[in-house]
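Structure assessment
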Amino acid sequence: MIFNLKQPHLTITGFSSKITDPRINSASRFLVLPPLSNPKIKKISAVTNSKPLHVVSLVQSCGSLKRFELDDRRVVCKAYEADRSDGVEKIEAAKRVKIGVYFATWWFLNVIFNIYNKKVLNAFPYPWLTSTLSLAAGSAIMLISWATKVAEAPNTDLEFWKSLFPVALAHTIGHVAATVSMSKVAVSFTHIIKSGEPAFSVLVSRFVLGETFPTSVYLSLLPIIGGCGLAALTELNFNMIGFMGAMISNLAFVFRNIFSKRGMKGKSVSGMNYYACLSLLSLLILTPFAIAVEGPKVWAAGWQNAVSEIGPHFIWWVAAQSIFYHLYNQVSYMSLDEISPLTFSIGNTMKRISVIVSSIIIFHTPVQPINALGAAIAIFGTFLYSQAKQ
């Protein structure tokens, strides 16, 4: 809490010592109130300042904890001039603008990725190669950035990569499963089902890790599960492989988050570099499986068919979906350095809304009113979940 004292002349009673230059005596930067048990006042000293003073108590103000000391005899508060307060407020305002830019960029890049990813999968229905190209593009971008000193390379060791491996494995499974889902069903349906990820998070944390949650968290799962179920039952182009792909993706990303929290404790790697390392390791894991499941012969035939039907634009689609996949994930990890997990969760919910709405408009996806109601209930449930976990 900050009190702004606007009087040009401030008189503080109960002092027997005179005020000296703070550069000479650092202790004089604190104004010490008299003992509450001693009502007698013998001397009065005056402090005059042409600028208003801000007196700060024990609060979390502007991102930093101001000094507050309390003992059984006195209270010590730190005061500073308005110029300094204005500077702190400007810094905080700049930070809020920065976070807003992160969120807007994150949502925009995610929408663009989903549009081009669906276009590619419609013409080239090979999700394993498509997933591999997305990770390869991101890995190449970061390797070039490190080599050219555009970005500072992370300082890692063998223990870092060991702790990252289960995270990368879960990330790979979740990424491929989501791509498989979008190759079979509408983008909007995939993201409606993926909005049920909080339910998987609570269930895994409860029955696998033994964590407990307040009743409000469990209650918030009801609209999530009910909304997803309603949307699935009323989906016009329902496909079991697409549905199961989205469900597996939810489960995999829950384990990715759990492994990430456990493995990254004490590791000083920025969000951008953390995701870059994750992409590199996921690429190494995914490549042999992609070759085994689909294979170069199938890819060559499918690629030739897609280019003949779509034309040169198809190559641009592939490049765009690969680059935008890396960029939107990179921005989301960078935003984690600036915001709380709760704010990130709310931002993720809003991101899904933007993707669902934009994909329905662009791809002219037929939506029944009951299907839209199910999606709205599920998304509203994720918002309630984020609030209940606060």
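Parameters at a glance
- Residues numbered from 1 in each chain as written.
- Predicted model: local features only at pLDDT ≥ 70, side-chain atom pairs only at ≥ 80, totals over all residues.
- Heavy atoms only, no water.
- Helix = DSSP H or I, 4+ residues; strand = E, 2+ residues; numbered from the N terminus.
- Polar contact = N/O pair within 3.5 Å; in protein donor to acceptor, adjacent residues only side chain to side chain.
- Contact = heavy atoms within 4.5 Å.
- Axes fitted to C-alpha atoms, helices over the stretch in contact; angles between N-to-C directions.
- Parallel < 35°, antiparallel > 145°, perpendicular 65-115°, else oblique.
- Nonpolar A, V, L, I, M, F, W, Y, C, P; charged D, E, K, R; others polar.
- Core = buried A, V, L, I, M, F, W, Y, C linked by side-chain atoms within 4.5 Å.
- Buried < 20%, exposed > 50% of the residue type's maximum accessible area, 1.4 Å probe, protein only.
- Left-handed = near helix turned anticlockwise from the far one by under 90°.

Digging into the side chain of S332
Along the polypeptide, S332 turns up in helix α10 (residues 313-336). A polar atom in the side chain of S332 sits 2.7 Å from the backbone oxygen of N329. In this structure, S332 is in contact with W106 and F344, ignoring residues within four places of it in sequence.

Focus on the packing of helix α9 (residues 296-310) against α10
Where α9 contacts α10, the two axes come as close as 8 Å, and the packing angle between them is 120 degrees. Relative to α10, the element α9 lies oblique. Residues W303, A306, V307 and I310 of α9 touch α10, and the partners they reach there are H313, F314, I315, W317 and V318. Looking at the contact of α9 with α10 residue by residue, the classes come out as 8 nonpolar, 1 polar and no charged.

Here we look at the nonpolar core
Counting 48 residues, the largest nonpolar core has F124, W146, L164, L278 and F314 as its most contacted members. Elements with a minimum of two residues in this core: α1 (82-123), α2 (127-147), α3 (158-184), α8 (271-293), α9 and α10. Residues within four places of F314 in sequence aside, it is in contact with V120, A123, F124, W303, A306 and V307.

Some thoughts on the packing of α3 against α8
At their nearest, the axes of α3 and α8 sit 8 Å apart, and the two run at 70 degrees to each other. Here α3 is positioned roughly perpendicular relative to α8, judged by the angle of their axes. The crossing of α3 and α8 is right-handed. Residues F160, W161, L164, F165, V167, A168, L169, H171, T172 and V176 of α3 form the contact with α8, whose own contacting residues are Y274, Y275, C277, L278, L281, S282, I285 and L286. Its residues assigned to classes, the contact of α3 with α8 shows 15 nonpolar, 3 polar and no charged.

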